[in-house]
Amino acid sequence: MRKILFALLLLLQTLHGHAQTDFCRNAKQSVLIDVRTEDEYAAGHIAGALNLPLERLATDIGTIRGLHHRSAILVYCRTGNRSAQARAILSNRGYANVTDGGSISTLVPRLQACGESR
């Protein structure tokens, strides 16, 4: 039984490592979009992130220079609620490579684990 539990633990760690590697690869290529309000963004944001508040996302996404429907996009917000909505909005608009980064407080450590200096 111990050997089975140990093997399962190793498998879970391996899967998590692959998921983090995939996340890191995608994050480095992504356009980072903060969907919080302008005031929230001004109070502090991830370096290099563009501010496109959720209420303007659908109408203003086309204003980002060089962004196309195959671009890698990583969205985040304060708690993860608006970023999930943003991912759905962008997916419905045909953006095929959108990652929901969740909350800024969970995304920052994940990016730091990737070696991202954002």
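That block above? That's the structure.
This one's a predicted model, so the numbers in the text were calculated from it and none came from an experiment. (Residues numbered from 1 in each chain as written. Predicted model: local features only at pLDDT ≥ 70, side-chain atom pairs only at ≥ 80, totals over all residues. Heavy atoms only, no water.)

Let's shift gears to the overall build of the chain. From N to C terminus, the chain includes five helices and four strands. In sequence order, the secondary structure elements of the chain are arranged as α-β-α-β-α-β-α-β-α. Within the chain, the fraction of its 118 residues that count as buried is 39%. Summarising the internal contacts of the chain: among those between residues at least 6 apart in sequence, 65% fall at separations of at least 24. For the chain, the accessible area works out to roughly 7,300 Å², and carbon and sulfur atoms hold 56% of it. (Helix = DSSP H or I, 4+ residues; strand = E, 2+ residues; numbered from the N terminus. Buried < 20%, exposed > 50% of the residue type's maximum accessible area, 1.4 Å probe, protein only. Contact = heavy atoms within 4.5 Å. Areas by Shrake-Rupley, 256 points an atom, 1.4 Å probe, with all protein chains shown as cover.)

It is worth spelling out the sheet that holds strand E3 (residues 72-77) at this point. In spatial order, the strands read E2-E1-E3-E4; together these four strands make up an open sheet with parallel pairing. Looking along the sheet, the strands with just one partner apiece sit at the ends: strand E2 (50-51) and strand E4 (97-103). Sheet analysis places strand E1 (residues 31-34) next to E2, joined by two bridges and oriented parallel. Bridge pairing links aspartate 34 to asparagine 51 in E2. Most of the contacts of helix H4 (residues 81-92) go to E3, to which it runs at about 150 degrees, and overall it touches E3 and E4. Along the sheet, helix H5 (residues 104-113) contacts E1, E3 and E4; its crossing angle with E4, the most-contacted strand, is approximately 115 degrees. (Pairing = 2+ DSSP bridges. Axes fitted to C-alpha atoms, helices over the stretch in contact; angles between N-to-C directions.)

Attention now moves to the nonpolar core. Core analysis: the biggest nonpolar cluster contains 15 residues, and Ile33, Ile61, Ile73, Val75 and Leu90 have the highest contact counts within it. Elements that contribute at least two residues to this core include exactly helix H3 (54-60), E3 and H4. Top contributing element to this core by residue count: E3, with three residues. Excluding anything up to four places from it in sequence, isoleucine 73 contacts Ser30, Val31, Ile33, Leu67, Leu90, Tyr95, Asn97, Val98 and Thr99. Cys24, Ala27, Leu74 and Cys114 belong to the second-largest nonpolar core, a separate cluster that totals 13 residues. (Core = buried A, V, L, I, M, F, W, Y, C linked by side-chain atoms within 4.5 Å.)

Since the α-helix packs 3.6 residues into each turn, any two residues three or four apart lie on the same face. Listed in full, the buried residues belonging to H5 are Ile104, Leu107 and Leu111. Angular distribution of buried residues about the axis of H5 spans 60 degrees; they occupy a single face of the element. The outward face of H5, more than 90 degrees from its buried face, is lined by the exposed residues Ser105, Gln112 and Ala113. (Arc of directions from axis to C-beta.)

Examined bridge by bridge, E1 and E3 share four bridges and lie parallel to one another. Across the sheet, the residue bridging to valine 31 is isoleucine 73, located in E3. The handedness of the E1 to E2 crossover, carried by helix H2 (residues 38-43), is right-handed. (Right-handed = clockwise from strand over helix to strand, strands pointing away.)

Note that every value here comes from positions in space, so none of it alone points to a role or purpose.
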